[in-house]
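Residues per chain, in single letters:
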Amino acid sequence: MTLEEQLENLEKETMEKISNISDLDSLNDIRVKTLGKKGPITEVLRGMKDLTPEDRPKVGSFANQVRDHLTQQIEEKRAKLEEEALNQALAEESIDVTLPGKQIPQGTRHILTKIVEEIEDIFVGMGYQIIEGPEVEQDHYNFERMNIPKNHPARDMQDTFYISDELLIRTHTSPVQARTMEKHDFSKGPLRMISPGKVFRRDTDDATHSHQFHQIEGLVVDKHITMGDLKGTLEELMKKMFGENREVRLRPSYFPFTEPSVEADVSCFKCGGKGCSVCKHSGWIEILGSGMVHPDVLEMSGIDPKEYSGFAFGLGPDRIAMLRYGVEDIRSFYLNDTRFIDQFKGE
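Only a predicted model underlies this, so the values are computations on that prediction, with no experimental measurement involved. (Residues numbered from 1 in each chain as written. Predicted model: local features only at pLDDT ≥ 70, side-chain atom pairs only at ≥ 80, totals over all residues. Heavy atoms only, no water.)

1. Considerations on the state of the cysteines
Tallied over the entire structure, the rule returns zero disulfides. Unpaired in this structure, C268 has its nearest cysteine sulfur neighbour in C271, at a distance of 3.6 Å. We classify C268 as buried; its relative accessible area is 0%. For C271, a relative accessible area of 15% puts it in the buried group. (Disulfide = S-S within 2.5 Å. Buried < 20%, exposed > 50% of the residue type's maximum accessible area, 1.4 Å probe, protein only.)

This is the structure:
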C-alpha cells in the first residue's frame, strides 16, 4: 500500500470516528492520537525518505491537505459539541424570571443629617453661607480667639482631647467663625455664615450628654447689627423648625465671646406654652445660647468694633432632634441600631 493510500484510509477512518463522537474528551483524544507527534500521519511522513525526489513533494503536499482537512473537521465538531453543551446547560439551569426577586433593604439618611440639612436650608434661604472647618484645631482659634485665654475659668467646662499643647479636637465650631472673620472682605458686603459640624468634649456619656455631638453656630457681622436682629433671626428659625406659632424668649446669660449674652427659649411646641413634661411645665424650652459678638473677638480678627457689630448663636441638632421626636437618650443616635434609625425613614 502506497503512502497516499495509507493517508486516504487514515482520513476516511478518522472522519467516521469524528462523526460518531458525542463528547469533547473523546474528540480531544482523537485529535492527539491522529495529529500528534506520535500519530499515524507523522508515521506516514517518516516513510517519505524511501520515495524518489520527484514523489516526495506530491506526498508531502497530500499529507498536509489531509492534516488540514482533519484539523478543520475536528474544530467544527468541537464547536458543535460546545454549542450543544451550552444549550443543555442553559436548559437545565434556566431561571424563571417571573418569580419575585429578593428585596434589598433600602437605607436612608440619618435623622441628625436630616436635621442639619433642614437648618442649612433655612439659613441659605436667609442669605447665609455654609462654611466648614477642621475638627483638629489650634488652641489659638479654639480658645484664645474666642476670648478664652489660657487659665480662663471657662476652659474648665470644655476641657477636651488634646493632641499636643497647641492642638486639640475642637470643642465648638466657633473657630470656623474666627477663621472666616479674618479672611472676609467687608467691602464686598456683610458676613453671614453658619458653621455645622461635629465637636468633642470630655463629658461622661449619659442620657443627655455625649463626648461627641453636633453643633451649628451662626455669625452675622455688619454695621449697625443689634440685638433686635438676633431675636428676629431666632424667631424665624424657631418658626421654621417648630411651627409658625412659636415665640422666642431671651434670658441674660454669660459666654466669653459675646457681650451681652443671652439664652434663647422657644415656647413649647408640644403644649403651646401651657406646660407639659417636655417643657417641665414651664411653657418654655431652652434651645440655644447667643449674644452680641464681644468687641475683643472682633478686634482680634482685625475688625473695628467701633464701626462693626455682630451677633452669634450656637445650637445643637442632637437636642433639636431629641425634642422634636421625643428621643430620651442621646446615645441612641450613635449606636447604629437600625431599629432606631428606621423609625425616621419617612421624615
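Read on for the rest.
2. What about the UniProt feature "domain: Aminoacyl-transfer RNA synthetases class-II family profile" (unreviewed entry) in the protein chain?
In this numbering, the UniProt entry assigns the feature "domain: Aminoacyl-transfer RNA synthetases class-II family profile" (unreviewed entry) to residues 111–323. Helix makes up 27% of residues 111–323 and strand 30%, with an end-to-end C-alpha separation of 13 Å. (UniProt positions renumbered as here; feature names shortened; annotations may be inferred. Helix = DSSP H or I, 4+ residues; strand = E, 2+ residues; numbered from the N terminus.)

3. A short note on the pairing of strand β4 (residues 191–200)
For β4, a buried count of eight out of ten residues is recorded, marking the element as mostly surrounded by other parts of the structure. Here strand β1 (residues 129–130) runs beside β4; their pairing, made up of two bridges, is parallel. Note that in β4 the partner of I130 across the bridge is I194. (Pairing = 2+ DSSP bridges.)

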